[in-house]
Amino acid sequence: MFNLPKRRILRKNKEFQKVYRYGRSYANRYLVLYAFTANGPEGKVGFAAGKKLGNAVTRNRVKRLLRESYRLNQQLLGPKYDLLLVGRKAAVDVKYAVMEKAFLSLVRKARVLGQEAK
RNA sequence: UGAGUAUGAAAGACAAUCGCUGAUGCUUUGAAGCAUUUGAGGAAAGUCCGGGCUCCAUAGGGCAGUGUGCUGGAUAACGUCCAGCGAGGGUGACCUCAGGGAAAGUGCUAUAGAGAUUUAAACCGCCUGCUUUGUGGCAGGUAAGGGUGGAAAGGUGCGGUAAGAGCGCACCAGCGUCCGGGCGAUCGGACGGCUUGGUAAACCCCACAUGGAGCAAGACCAAAUAGGGAAGGGAUGAGGCGGCUCGCGGAACCUUCCGGGUUGUGUCGCUUGAGUCGGCAGGUAACUGCCGAUCCAGAUAAAUGAUUGUCGCUGCGCAGGCAGAACAAAACUCGGCUUAUUGAGUACUCAUGGA
RNA sequence: GUGCCCGUGGCCCAGUGGAUAGGGCGUUAGCCUCCGGAGCUGAAAGCGUGGGUUCGACUCCCACCGGGCACA
């Protein structure tokens, strides 16, 4: 239920480009959310952290926080969305609880929640 | 106690829950699921050097270019390391040094100064002579003193002289020859003649080293279809060996343009290696040899995270408790260097006080 | 991964080992004008950082820091 195997993660450059170009974007202080209606059997998710955030260690940490937020709350989401989460500068030294809250508020704003959650 | 020098272990631990990479086993048409196990560093970093490995001749010759530069050793190799020598710095522990050649040649040496590199040089001064009413002028001698400079061509002292001068002598520095110690850099001593600035991180000379590219190397598989037209070159030797040349090699194809068409973030390379740990032996040491044990990440928008609890460390607080814990993540691999950073301990030095 | 290049006042650039580090634009003070512009006169402000070579370094060498380019 909380699984997040490799095939559910965006890996190819083309997929990233597609979500960036055609997805709707929502943002707050800690992250940016791109949402795009998927055409595959299940939704995929991607995580990104730009070079502005710092060195490799901090970028990795931001991406892992984003992944945890998605992984633990994915059952709330509708099944047919490709999402892309991008960390922002304020997320660098933030705890998980803050990140999760920011993620949930954005998800509500973007209206990609599933039927049960509503 | 304070200040400092060198070296330098380790990089919080355990448990629970949810997840991820790889491997193995089972289930399974496939996809996947379950179980067990595994999983970042001392710098993984910067990419400053050097190897392995792969391809291009089997990596060859010469020139050019580039790099290194006290001696001896270590090493696969190095611009690294170890032990010494010399120079410089520090009261000292100790630290720093691209540290060969300036008598092969060329260049540069600003400003200042009379004079800056070859018969060195006379501005002030000193001395002698001539002259003048003269405090002066002229001629000559002189590098001891002053002044300039980073540097004035050996330094100090005594003798000597009209005044002076390696002009003579002693010591010191430098140069040459010889003797002795040391594998050697070099050190010590004797003798000789009496002295030839600096700069080679300026060109250069000498010695040594150096073929080029890089895992996006390279190999394989799959998918796609049609290999079409034009021009030029090719056994009188194409393309290739990324500077030039010699040489090698031996192709029916090669280059350019026009038109058409397809395609993977595929598999291998990819982790057993100058590996790691322990013992013994050799060596001042770097390191080497032998024996035994052991397998310890292989990702590709890139795996180690999140949450909670207990204990340990540091700070604050009477206490419950609260806050904090660096720098930073493999990308073919290994040896160094450099930089970032928390830092227990060990050895030593100096100063002050006490016994 | 490899090979290169650059860093000079606020901005864009010059600069043979010896200059007071130069030019343009800008800033600023004064003059001029009824006011502004233009013009004239003057001023401030700089060699990325740290070492080394040299008598002397923006320049030569080394190590860092920051930025950029090319190729596969």
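Bear in mind that the values here come from a model prediction, so they are computed numbers and not experimental data. (Residues numbered from 1 in each chain as written. Chains lettered and ligands numbered in written order. Predicted model: local features only at pLDDT ≥ 70, side-chain atom pairs only at ≥ 80, totals over all residues. Heavy atoms only, no water.)

Visitor: Got a sec to walk through the environment of Tyr26? Specific residues and values, please.
Guide: The residue Tyr26 is located in strand S1 (residues 24-27) in this model. Residues Tyr26 and Val107, spaced 81 residues apart in sequence, show a C-alpha to C-alpha distance of 8.7 Å. Apart from residues lying up to four places away in sequence, Tyr26 is in contact with Leu31, Val32, Leu33, Leu106, Lys109 and Ala110. (Helix = DSSP H or I, 4+ residues; strand = E, 2+ residues; numbered from the N terminus. Contact = heavy atoms within 4.5 Å.)

Visitor: Which residues make up the sheet that holds strand S3 (residues 45-49), and what are the values?
Guide: A sheet is described by the order of its strands in space; here 4 strands give the open sequence S1-S2-S4-S3, paired in mixed fashion. Lying at the two open borders of the sheet, with one neighbouring strand each, are S1 and S3. Adjacent strand axes in the sheet meet at a mean angle of 20 degrees when their direction is disregarded. Pairing of S3 with strand S4 (residues 81-87), which is carried by 5 bridges, proceeds in the parallel orientation. If you follow Ala49 over to S4, its bridge partner there is Gly87. Across the face of the sheet, helix H3 (residues 96-110) comes into contact with S1, strand S2 (31-37) and S4 while running at roughly 40 degrees to S2. (Pairing = 2+ DSSP bridges. Axes fitted to C-alpha atoms, helices over the stretch in contact; angles between N-to-C directions.)

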